[in-house]
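Single-letter residue listing:
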Amino acid sequence: MSTFTQARAMHAGLRFLFIAGGGLLLGLISNFMLVAMGHWYEMNMARSEYDLSDAFMIALLVQALCVVVGGFIGNWLYRRRRSKKSSEI
């Protein structure tokens, strides 16, 4: 394996870690916030099971969007880090 191929594989793995880390981090943060808001909604605002099922579906959508946005943020951070390293050389 050439050094170019090894370096490329290392960068691909590092990029994947940034994307996965960003998605997981934002997903966990949104999960903690959504659990607290869901509990409050269930205790104070929900009138029936239909309200709770609607709120649950909205929470799933919000959390999925947060994971995707976290992945984009992780990718952006990786690109920013890589461009700073290449400008230092």
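The structure we're discussing is the one just above.
Residues numbered from 1 in each chain as written. Predicted model: local features only at pLDDT ≥ 70, side-chain atom pairs only at ≥ 80, totals over all residues. Heavy atoms only, no water.

### Describing the overall build of the protein chain
Operational definition: Numbering of helices and strands runs from the N terminus, with a helix taken as a DSSP run of H or I at least four residues long and a strand as a DSSP run of E at least two residues long. The rule is simple: take the accessible area with a 1.4 Å probe, protein chains only, and divide by the maximum for that residue type; under 20% is buried, over 50% is exposed, in between is partly exposed. Accessible surface area values rest on a Shrake-Rupley calculation with a 1.4 Å probe, where residue burial reflects the displayed protein chains alone. Charge assignment in this entry is limited to Lys and Arg as positive and Asp and Glu as negative, and neither His nor the chain termini are counted. Just so you know, the charge point we use is NZ for Lys, CZ for Arg, CG for Asp and CD for Glu.
A count of helices and strands for the protein chain gives two helices and zero strands. In terms of overall dimensions, the protein chain has a C-alpha envelope of 65 × 25 × 15 Å along the principal axes. For the protein chain, buried positions account for 11% of its 89 residues. As presented, the protein chain carries roughly 7,200 Å² of accessible surface, and 71% of it is formed by carbon and sulfur atoms. Charged side chains in the protein chain number 9 positive and 5 negative. The centres of these two groups are separated by 29 Å.

### Some remarks on the environment of Cys 66
Summarising the element assignment, Cys 66 is placed in helix 2 (residues 49-88). Residues Cys 66 and Leu 24, 42 residues apart in the sequence, show an inter-C-alpha distance of 9.1 Å.

### Thoughts on the environment of Phe 16
Note that Phe 16 resides in helix 1 (residues 3-44). Along the backbone, Phe 16 and Ile 29 are 13 residues apart, and their C-alpha atoms lie at a distance of 20 Å.

### Section: the packing of helix 1 against helix 2
The line we're drawing: As a rule, the C-alpha atoms of each element are fitted with a line to give its axis, helices using only the stretch in contact, and angles between N-to-C directions run from 0 to 180 degrees. Here the word oblique covers every angle except those under 35 degrees (roughly parallel), over 145 (roughly antiparallel) and from 65 to 115 (roughly perpendicular). Note on convention: the crossing is left-handed when the near helix lies turned anticlockwise from the far helix by less than a right angle, right-handed when the turn is clockwise.
Between helix 1 and helix 2, whose axes approach to 7 Å, the crossing angle comes to 150°. Judged by the inter-axis angle, helix 1 sits roughly antiparallel to helix 2. As for the relative orientation of helix 1 and helix 2, their crossing is right-handed in sense.

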